[in-house]
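Below are the chains, spelled out letter by letter.
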Amino acid sequence: MKTEQLKAIQAPIKEKYKTAPEAALITLKAEGVVGEGITCSVNTGKAIAEAGLHAATGGDGLHLCSGDMMLEALVACAGVTLKAVATSLGIDIGKSTITAEGDIDFRGTLGVAKEISVGFLSIRLHFFLDGSLPNDQTELLKKLTERYCVVYQTLTRGVAVETTYHTR
């Protein structure tokens, strides 16, 4: 996609959100169904993703790990955001690659050591940009990608999560 195409697609959307801010507030949803064994099937809209225990917690390795899925969501969001920012600025980044890796101490997850927190201890997001870009362009891509990536911003600033339980 070219810069002009992206701007033409986004211009009326941006204008709508400026004149009717309430139209910009959209609720995204996900649903999972607890399945056989210790699994949860999540409908991604394109396929069913069956998540299960990570091998480090007793899983058999046949199912997706939700921690991996979170890192994949971060990579997907960062990649799409990077490409949109680069396209908007007219910067060619070719087939750049994004990777994410995160460290988990599974003693926390398994309740082996109460002092160990559950969840990722750290996450590293790497961008391997295709081509030779001047430092100022690389810094601008970094700044804007981090600013506009929904998953990155959610992880780095945190967000309140409310839970409710219902019986049927």
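Structure shown above.
Structure report, in brief. (Residues numbered from 1 in each chain as written. Predicted model: local features only at pLDDT ≥ 70, side-chain atom pairs only at ≥ 80, totals over all residues. Heavy atoms only, no water.)

1. Thoughts on a nonpolar patch on the surface
Reasoning step 1: Nonpolar side chains collect at one region of the surface, where M1, I9, I13, Y17, I26 and L28 lie side by side and expose about 650 Å² of accessible area between them.
Reasoning step 2: Within the element layout of this structure, Y17 appears in helix 1 (residues 3-19). (Patch = residues over 30% accessible without salt bridge, like charges linked within 9 Å, V, L, I, M, F, W, Y side chains within 5 Å. Areas by Shrake-Rupley, 256 points an atom, 1.4 Å probe, with all protein chains shown as cover. Salt bridge = Lys/Arg side-chain N within 4 Å of Asp/Glu carboxyl O. Helix = DSSP H or I, 4+ residues; strand = E, 2+ residues; numbered from the N terminus.)

2. Here's the deal with the nonpolar core
Reasoning step 1: Core analysis: the largest hydrophobic core is formed by 12 residues, namely C77, A78, L82, V85, A86, I91, I93, I98, L133, L141, L144 and C149.
Reasoning step 2: Taken together, the elements giving at least two residues each to this core come down to helix 2 (66-89) and helix 4 (135-148). (Core = buried A, V, L, I, M, F, W, Y, C linked by side-chain atoms within 4.5 Å. Buried < 20%, exposed > 50% of the residue type's maximum accessible area, 1.4 Å probe, protein only.)

3. Here's the deal with the state of the cysteines
Reasoning step 1: In total, this model carries zero disulfides according to the counting rule given.
Reasoning step 2: The cysteine C65 is free of any disulfide, with C40 supplying the nearest cysteine sulfur at 13 Å.
Reasoning step 3: Residue C77 stays outside any disulfide, its sulfur separated by 3.2 Å from that of C149, the closest cysteine. (Disulfide = S-S within 2.5 Å.)

4. A few points about helix 4
Spacing of three or four residues puts side chains on the same side of an α-helix, whose turn is 3.6 residues.
Reasoning step 1: If you check helix 4, its first and last C-alpha atoms are 20 Å apart, about what 14 residues at 1.5 Å a residue would give, namely 20 Å.
Reasoning step 2: Buried within helix 4 are the following residues: L141, L144 and T145. Buried residues in helix 4, looked at end-on, bunch into an arc of 100 degrees, giving them a common side. Exposed residues lying more than 90 degrees from the buried face of helix 4 are N135, D136 and K143. (Expected span 1.5 Å × (residues − 1). Arc of directions from axis to C-beta.)

5. Some words on the sheet that holds strand 3 (residues 48-52)
Reasoning step 1: The antiparallel open sheet is built from three strands, whose spatial order is 1-2-3. Two strands in the sheet have a free side with no partner beyond their single neighbour: strand 1 (32-34) and strand 3. Pairs of neighbouring strands in the sheet enclose a mean axial angle of 25 degrees, with direction left out of account.
Reasoning step 2: For strand 1 and strand 2 (residues 39-43), the ladder comprises three bridges, and the chain directions are antiparallel. Its bridge partner being in strand 2, G32 is matched across the sheet by V42. (Pairing = 2+ DSSP bridges. Axes fitted to C-alpha atoms, helices over the stretch in contact; angles between N-to-C directions.)

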